[in-house]
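Geometric and topological summary
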Amino acid sequence: MIPKLKIEKRPIVSSSVTLAVSILSMLLALIAVAFVFLGYGVDPTYAYQKIFIGSFGSLTGFSETIVKAIPLMICGIGLAVAFKALVWNIGAEGQLLMGAIAATGIALYVIPEASSVLLLPSMFIGGFLAGAVWGVIPGVLKAKLKANEVITTLMMNYIASNLVEYLIYGPWKGAMEWGFPITNEFPLSAWLPYLPIGMGRIHYPTLILALSLAVLTYVFIMRTTLGFEVRVMGENPDAAKYAGMSYFKTVILVMLISGGLAGLAGVGEVAGIHHRLRYPKGISPPPGYGYTAIIVTCLGRLNPLAIILSSLLFGGLLVGGDAIQVIGLPFAAIGLFNGAILFFVLGGELLTRYKIIIRWRG
Amino acid sequence: MLSAITKKIKKISKPFEKGHLAEETRVCSNEKAKRGEALVRMEGIVKRFPGVVANDHINFEVKPGEIHALLGENGAGKTTLMNILYGIYRPDEGKIYVGGGKVEIKSPRDAIEAGMGMVHQHFMLVYPHTVAENIALGLSSSKFLFPLREVEKEVAELSERYGLKVDPKAKIWQLSVGEQQRVEIIKALYRGAQVLILDEPTSVLTPREIKDLFDILRRITKEGRAVIFITHKLDEALEISDRITVLRHGKVVATVDTFKTNKGELARMMVGREVLFRLERKPVERGKAVLEVKNLRASSDRGLPAVRGISFTLNEGEILGIAGVAGNGQRELVEVITGLRKATGGEVFILGEDVTNCSPKKIIEKGVAHIPEERIRMGLVPSMSVAENLILKDYCSPLFSENLFLKHTLIDQVAEKRISEYSIITPSKKTPAKLLSGGNIQRLILARELSEKPCLIVAAHPTYGLDVGATEYIRTLLLKQREMGAAILLVSEDLEEIMSISDRIAVMFQGEFMGIVPTKEAEIEEIGLMMAGTKRMMNPSEDSQ
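Residues numbered from 1 in each chain as written. Chains lettered and ligands numbered in written order. Predicted model: local features only at pLDDT ≥ 70, side-chain atom pairs only at ≥ 80, totals over all residues.

**Regarding the overall build of chain B**
Scanning chain B from terminus to terminus reveals 19 helices and 22 strands. Within the span of chain B, comprising 545 residues, buried residues form 46% of the whole. (Helix = DSSP H or I, 4+ residues; strand = E, 2+ residues; numbered from the N terminus. Buried ≥ 20, exposed ≤ 12 C-beta atoms within 10 Å, placed from the backbone.)

**So, the overall build of chain A**
Summing up its helical and strand segments, chain A has 14 helices and 2 strands in all. Compactness check: chain A gives a C-alpha radius of gyration of 22 Å against a globular reference of 21 Å for 362 residues, within 12% of the reference. For chain A, the C-alpha atoms occupy an extent of roughly 80 × 60 × 35 Å along the three principal directions. Within the span of chain A, comprising 362 residues, buried residues form 48% of the whole. Within chain A, counting contacts between residues at least 6 apart in sequence, those at least 24 apart form 80% of the total. (Rg over C-alpha atoms; globule rule 2.2 N^0.38 Å. Contact = placed C-beta atoms within 7 Å.)

**Examining the domain arrangement of chain B**
Often the size quoted for an interface is simply the accessible area lost on bringing the parts together. Residue and element names in this part refer to chain B. Here the domain parsing of chain B yields domain 1 (2-271) and domain 2 (289-367 + 452-543). Listed per partner, the contact involves 10 residues of domain 1 and 11 residues of domain 2. Going through the elements one at a time, α8 (207-222) and α10 (263-271) are the ones with two or more residues in the side of domain 1 that touches domain 2. Here the residues of the side of domain 1 that touches domain 2 sort into 5 nonpolar, 3 polar and 2 charged. (Domains from an automatic or database assignment. Nonpolar A, V, L, I, M, F, W, Y, C, P; charged D, E, K, R; others polar.)

**A look at the sheet that holds strand β9 (residues 243-248) of chain B**
Within a sheet, adjacent strands bond to each other through the backbone by hydrogen bonds, running parallel or antiparallel. All names here are of chain B. Spatial strand order, β6-β7-β8-β3-β9-β10: 6 strands in an open sheet with mixed pairing. Looking at strand neighbours, the two that pair on one side only are β6 (116-119) and β10 (251-257), the edges of this open sheet. Each adjacent strand pair in this sheet contributes to an overall mean axis angle of 20°, direction not counted. Pairing geometry for strand β3 (residues 67-72) and strand β8 (residues 226-231), over 5 bridges, is parallel. Bridge assignment links His-68 to a residue of β8, and that residue is Ile-228. Along the sheet face, α8 touches β3, β7 (195-199) and β8 and points at about 145° away from the line of β8. This element, α10, spans β3, β9 and β10 of the sheet and lies at about 30° to β9. (Pairing = 2+ DSSP bridges. Axes fitted to C-alpha atoms, helices over the stretch in contact; angles between N-to-C directions.)

**Quick notes on the sheet that holds strand β14 (residues 343-350) of chain B**
Residue and element names in this part refer to chain B. Strand order in this open sheet of 4 strands is β12-β11-β14-β15, and the pairing throughout is antiparallel. Whereas interior strands pair on both sides, the edge strands pair on one side only; in this sheet they are β12 (305-315) and β15 (353-354). The pairing of strand β11 (residues 289-299) with β14 spans 6 bridges and is classified as antiparallel. Looking at β14, one finds that Lys-294 is bridged to Glu-347.

**A look at the domain arrangement of chain A**
Residues and elements named next belong to chain A. Considered domain by domain, chain A is made up of domain 1 (1-42 + 328-362) and domain 2 (57-327). Spacing between the C-alpha centres of domain 1 and domain 2 amounts to 29 Å. Contacts between domain 1 and domain 2 engage 15 residues on the former and 12 residues on the latter. The set of elements that each furnish at least two residues to the side of domain 1 that touches domain 2 consists of α1 (15-39) and α14 (332-353). At 9 residues, the largest contribution of residues to the side of domain 1 that touches domain 2 is made by α14.

**Brief notes about helix α2 (residues 44-57) of chain A**
Residue and element names in this part refer to chain A. Inspection of α2 places Ala-47, Ile-51, Gly-54 and Ser-55 among the buried residues, and these make up the whole buried set. Down the axis of α2, the buried side of the element spans an arc of 80°, and every buried residue falls inside it. Opposite the buried face of α2, by more than 90 degrees, sit the exposed residues Thr-45 and Tyr-46. (Arc of directions from axis to C-beta.)

**Focus on the interface of chain A and chain B**
Chain A puts 17 residues into the contact, and the matching count from chain B is 26 residues. Elements that contribute at least two residues to the side of chain A that touches chain B include exactly α8 (225-235) and α9 (237-242) of chain A. Of the residues contributing to the side of chain A that touches chain B, the split by class is 8 nonpolar, 4 polar and 5 charged.

**Details of the pairing of strand β1 (residues 40-49) of chain B**
Residue and element names in this part refer to chain B. Pairing of β1 with strand β2 (residues 52-62) involves 7 bridges; the strand directions are antiparallel. Looking across to β2, one finds that Arg-48 is bridged to Val-53. Here β1 pairs with strand β4 (residues 93-98) via 5 bridges, running antiparallel. For Met-42, the partnering residue across the bridge sits in β4 and is Ile-96.

Written out as structure tokens, the structure is:
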């Protein structure tokens, strides 16, 4: 008995198949990484237990998971808009840092005396604009000069990261910080409020912002004329041109939104967690929220509502990464997770479009 | 079991192997011809695809020395049946006999060994390579040293014998489409094909090239080989074939001797009802000029001049047909007029306004409808719903949107109206457009393009690849638009189509008009010559107005 494998194209990709494949790819990633744990001589079930309990098993763990999920969610939603239009923005990391820089500038230098009511919204608006500019530059280069946005957005990340370093070592170096490369602490009016004591560091205004952005973005894509253009462009660029849609306008629009949203995430980090600008790796711990958000978006299949869930999952993985260090595994094992999940999600893409039929016939 | 079958195939195909194709096969097939035995017989072939039965218990046979036309509308199952014979699909049920013995064809390699050769609609050639290299591709018998010498010699022999003129050392990209087709035929013959399957072979050829092809096919079959000629064109089937098998909805309607049948009967079998061949063209008064093109120039994607100084005027209530072999600048002309390509010189006026190099949006807003050449690549967003595709160009109009928000209820209502108005067959308005058949996709595009009362319709190959029923429907729609006062620019390779519905005919060759003639005065031979670029009949008064 030799099974016969046949691959057939699915006429319609249903959402239940997509969900099943997403879950399957995550399970496969877990199994693949389990072998790595075995290689380290650690029982995988024990390690997974640790990760799960670390990130979801206690109130402090779970609140920390949400804290990490917030920037992933906001960046991921923005990336979903760009990816929908087949614009591959890899620059959320840099756009996030630019948002952090803008928020810091406003909080420390522009209107430090202002009250929270004025200061915090200004920081968010400034952060959005800074991130948007960082996204629009590669957008213009793509639309006008056909520069590959994967490369340009990636390069913009390094510029942003170096700009942060320049500022914290140079002009913005805190006078009261004993020579450490960090800025002064923000005035209290620039601190985002936390949930009541015992709920950890959840800066809830940013969380509310993230959740509303998920809904708004979903409505934007599915219900508006601009969203219609984005979808047409992503599904068939030739048809978009034929229908009189402007390629330039759409590319700029999606880069503006995805850059701006990443900028908002940056504001949330400095105003909610750090209360100052610090080393890039401090604001966005490796592998970087902006990069992890790419995987979050892919796992959420570019659906803003699904990205809420996938960002929580990855938030949990980041927190769990701290937990497994305790049992003698390197933090880089979490990087493996990210890689494995992306690998299987992209591989699973094939399964959503094709089905494999196994026939047991001689 | 497996090895037994392969052995059997080997045994059967032995006489067909290349090298000794000249003498032995002639003897072999003559013997068969005497016995009146079929070269290939397909029995009870069933092939199901999700949701359709593409082949429903089909019986089909080909005798040595015959040209057998496989006639049917698009989606009738012709290509599926031949893909089964050529090993691309496996049948769900049914048997195939070659030379009297049952064979199991699991792959094109098995099919080639059993003596099949197939020329696909889209050629399977490696463009940067030479003719000989393409023919040698995939041959297991090639010699290690200088393998091409032998191939070149044999190719030259084959071309000589069948009048398949082609230089073995030429690179494929340098050849015309007709020559590329000849390479495909030689490739099949070289591999010892006894049964040559041609899938819609004339769709890319000029009338002259079609004639050459038919001559070649007659010479090929003289030696006992058989040709299966897939087509949906009645005239061609009647002209070239000895027998015709008509398929409809995956079933065989009948197999008839060509000399005993006629066009009307075939059309009835193919479509399942009476078909009008003569469309009624009511006299329409020509109105004011809608489209004026003056000394227009444009480049192709490669940057070479593709439109080289074209001028004409098109009026309300008039259809101007542009005939010509594909690749003579028609595509570029259409794209410049619709704003999709920049002109390098000259001017385009629509209703008196200069729209040269305006954006597609601006030109759409002037009331220009565009039925694009590549309807799926350009005219449609395949994964989006029928309703969304119906508003692809109007999504911004106040009718369908308000303050950036799409009015979904209204969009759905209009979609339902247009689906019934244009008889688009679709499970629902929410179905992804890619699931529709070719004819229904074109109806969808027409529903979108013609609903807004366009002043100018640019229709590129509007019935290309469509079946008789859909073709008739689309031509009727265009004529109706003409009566309503639209100006229509019709680009088509189908001369019959151009002759039957246009008022004037322009022939395009190498980026220029060879002439513009009123259809009443046009003769098909003359047009054919102009398509080949040999005759100019420019009527200066026609154009300098």
